[in-house]
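Each chain is listed here by its residues.
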Protein chains: 2
Amino acid sequence: MTGTRPLRADAARNRDKLLVAATQVFGERGIDAPLEEIARRAGVSIGTLYNHFPTRQAFFDAIFPERLAALDRMAAQALADPDPWNGFVGFLHALFALQAQDHGLNDALARRFPVTGEANDACHSGLTQLDRIIERAKESGQLRDDFEPQDLATLVWAMSQVIREAMEAAPQAWRRCLAFFLDGLRAGAAHPIAVPALTTVQLAEVTRASANRT
Amino acid sequence: MTGTRPLRADAARNRDKLLVAATQVFGERGIDAPLEEIARRAGVSIGTLYNHFPTRQAFFDAIFPERLAALDRMAAQALADPDPWNGFVGFLHALFALQAQDHGLNDALARRFPVTGEANDACHSGLTQLDRIIERAKESGQLRDDFEPQDLATLVWAMSQVIREAMEAAPQAWRRCLAFFLDGLRAGAAHPIAVPALTTVQLAEVTRASANRT
DNA sequence: CATGAAGCTGAGGCTTCCCTCGACTTAGGT
DNA sequence: ACCTAAGTCGAGGGAAGCCTCAGCTTCATG
C-alpha cells in the first residue's frame, strides 16, 4: 500500500511550494479560490499542480488536518480547566479564533461541519472530547440542560457568517456576537425552547447537501 | 422624468413573465442564480431579458422592495404590542421567517444588511421603527441595555447562514438557534461584554465590501 | 556522462455564465 | 391594409475556471 516511491527532490520541493501557496491562497480567498492562482503563486505550472493534487479536495486533505489537530489540544485544555464553563467558553473562543484567521478553514467548517474526509480523522478525538466538555459544563450546572452537541453545528454556521462578513472591517465583531449567544447558554438564562435539536441524521443530510453544492 | 412611454402590450406581458420567473428562480437558487435560467423559465430570449432588466440589480430593485415593505407592517405590529419584549421577538421571528421562505432575500440580507439601493426606500421606515422597537424593549427593562441596533446586523448575518445551511433538511432549525440567542438578550442574562458594537461606519464598510464581492 | 524514468510545461478544449448587436417580427395607429 | 417604432431574438464574442496531454526538461542511478 505505502509502496509509493519517494518523490524526486525537485518534485518534493514543488509539492512544498504548492502547499505553502495553497495555504496562503485558501486562507485569503476562501475555499473556492481558483487553483490557477495557487499554481501561479507557487511559481509552478497548472499541470504540475494537478500532478500533485488531482482534486481540490486533495489540497484540503493535505492542509486542514494539521490545522484541525489544534482542536485536540484545545479540547484537552478545556477539559483540564477546573471550571467547566470556563473550559467550554475557552474552547469556543479558540475554535472561532482559528476560523477568523483563515477564510478557508472558516468556509470549510461553515459548509462541512461536522467535518468530512481526511480532516475528520485529524480532529476526531477533539470532537469526541467535545461531547465531554459539554457534558461536564452541564453537570456543573453552568450550561443549560437543553443544549445538545448538535447545537454547536448551528453555532458554527452562524458564527462563520459573522466572521466572513466582518473579517475586514471589524475582525473582532464575532466576539461580541458570541458573547450574546453564550449569555443565552447559561443555565440561569434558559427559557424553554419548542424546537428540538437537529437529529444526527439531519445533520448528516445538511453536510451532504452542502458538499454537493460545492 | 416620468415621461417614459407606456409599454407596448406584449412587452408588458414579457416584463411580467420575467418578474414572475425571477422571483421563483432567485427564491430557489439564491441571488446568484444565472439570468439565463430566468429567461428560459419566462419563455423569453436572453436579449429580451436584458431589454427589460439591464443589470441583475434592476431585478432586485423590482422584486425586493415589495417583499421588504412587509417589514414596515411587521414593525408597526411590533410597536403596537403591549409587551415590548414580545413585540421585539415577534419582529425578529417575522423577519427570519421571511428570509427562510426565500433564498434570494436571505442572500440579499446576508450580504447587504443594512439594505442598499431601491430596496432601501421600501423598508426604510421599517428600519427606523426598528430603533424604536429596540429602545422600547430596553426601557421596559426586558432587553439588555448594551444591545445596540447595529448588533441586529450581525444577528442577521448569523441567522442567514443557519437558514441557508439547514433550509432543506431542517427548515425550523433557525428557530432553535434564535431562541438561544434571544435568551442571551434578556436583561437578566446580561454579562458585561468587552467588545463594543460595530460603529455605523464599520457597518457601512462591511456592506460595501460585501457588495463588491458580488 | 549517458540514459530512462520521473516530472514539468502551457496551449488549448471544455463549460458556464455574462452581455451585445444586427436582423427580424409585430403591435397598433392611420 | 400598411407602415414604422417598439420590441424580440439568439448567435456569438468574452471572461473565468477547470482539466488534459503531447512534448520537453531534469533528476539520479549505473
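Residues numbered from 1 in each chain as written. Chains lettered and ligands numbered in written order. Predicted model: local features only at pLDDT ≥ 70, side-chain atom pairs only at ≥ 80, totals over all residues. Heavy atoms only, no water.

Student: Lay out the overall build of chain A with the relevant residues and their values.
Tutor: Counting its secondary structure elements, chain A contains 10 helices and zero strands. Summarising its shape, the C-alpha atoms of chain A cover approximately 60 × 40 × 30 Å along the three principal directions. With the model as given, the accessible surface of chain A reaches about 9800 Å², and the carbon-plus-sulfur share is 53%. Taking the average location of the 23 positive side-chain charges in chain A and that of its 26 negative ones, the two points are 7 Å from each other. (Helix = DSSP H or I, 4+ residues; strand = E, 2+ residues; numbered from the N terminus. Areas by Shrake-Rupley, 256 points an atom, 1.4 Å probe, with all protein chains shown as cover. Lys, Arg positive; Asp, Glu negative; His and termini not counted. Charge placed at Lys NZ, Arg CZ, Asp CG, Glu CD.)

Student: Would you mind going over the UniProt feature "domain: HTH tetR-type" (unreviewed entry) in chain A in detail, with residue names and values included?
Tutor: According to UniProt, the positions carrying the feature "domain: HTH tetR-type" (unreviewed entry) are residues 12-71 of chain A. With 82% helix and 0% strand, residues 12-71 of chain A has end C-alpha atoms that lie 28 Å from one another. (UniProt positions renumbered as here; feature names shortened; annotations may be inferred.)

Student: Could you give an account of the UniProt feature "DNA-binding region" (unreviewed entry) in chain A, naming the residues involved and the relevant values?
Tutor: Look at the UniProt record and you will see "DNA-binding region" (unreviewed entry) annotated at residues 34-53 of chain A. With 75% helix and 0% strand, the stretch residues 34-53 of chain A has end C-alpha atoms that lie 14 Å from each other.

Student: Explain the relation of the copies chain B and chain A residue by residue, including any values.
Tutor: Here chain B sits on chain A after a turn of 180 degrees about the axis and a move of 0.0 Å along it, with an RMSD of 0.1 Å. What the rotation and shift describe, once combined, is the action of a two-fold rotation axis. Interface overlap between copies is the fraction of interface residues in one copy that are interface residues in the other; for chain B against chain A it reaches 100%, indicating a shared surface. (Least-squares fit on C-alpha atoms with pLDDT ≥ 70 in both. Contact = heavy atoms within 4.5 Å.)

Student: I'd like a rundown of the protein's contact with DNA strand D, residues and numbers included.
Tutor: In the neighbourhood of DNA strand D, 21 residues make up the surrounding shell, with Tyr 50 and Arg 56 of chain A together with Arg 8, Asn 14 and Asn 51 of chain B lying closest. Among atoms of DNA strand D positioned within 4 Å of the protein, sugar and phosphate together represent 66%. Arg 8 of chain B has a polar side-chain atom sitting 2.6 Å from a base nitrogen of DNA strand D. Within the backbone of Ser 45 of chain B, one N or O atom sits 3.0 Å away from a phosphate oxygen of DNA strand D. Among the elements of the structure, helix H1 (9-29), helix H2 (35-42) and helix H3 (46-52) of chain A together with helix H1 (9-29) and helix H3 (46-52) of chain B are those that each provide at least two residues to the surface near DNA strand D. (Near = heavy atom within 4 Å. Polar contact = N/O pair within 3.5 Å; in protein donor to acceptor, adjacent residues only side chain to side chain.)

Student: Tell me about the packing of aromatic side chains, residues and numbers included.
Tutor: All chains considered together, the criterion is met by 19 aromatic pairs over all chains. Every member of this aromatic cluster is reached through a ring pair, and the members are Trp 85, Phe 88, Phe 147, Phe 180 and Phe 181 of chain A together with Trp 85, Phe 88, Phe 147, Phe 180 and Phe 181 of chain B. (Phe/Tyr/Trp six-rings, centres within 6.5 Å; stacked < 30°, edge-to-face > 60°.)

Student: Kindly report on a negative patch on the surface, identifying the contributing residues and their values.
Tutor: Negative charge collects at one region of the surface, where Asp 131, Glu 135, Asp 145 and Glu 148 of chain A lie side by side. Mapped onto the secondary structure, Glu 148 of chain A falls in the loop between helix H7 (118-139) and helix H8 (149-166). (Patch = residues over 30% accessible without salt bridge, like charges linked within 9 Å, V, L, I, M, F, W, Y side chains within 5 Å. Salt bridge = Lys/Arg side-chain N within 4 Å of Asp/Glu carboxyl O.)

Student: Can you break down the interface of chain B and chain A residue by residue, with the values?
Tutor: Tallying the contact residues gives 43 residues for chain B and 43 residues for chain A. Carbon and sulfur atoms make up 65% of the area that chain B and chain A hide from each other, which totals about 3600 Å². It is Glu 165, Arg 176 and Phe 180 of chain B that lose the most area in chain B upon contact with chain A, and together they represent 22% of the buried surface on that side. Linking chain B with chain A are four salt bridges, by the criterion used here. Taken together, chain B and chain A are joined by 14 residue pairs in polar contact (both at pLDDT 80 or more). Every element with two or more residues in the side of chain B that touches chain A is listed here: helix H6 (103-111), helix H8 (149-166), helix H9 (173-185) and helix H10 (200-213) of chain B. (Buried area = accessible area lost by both parts, 1.4 Å probe.)

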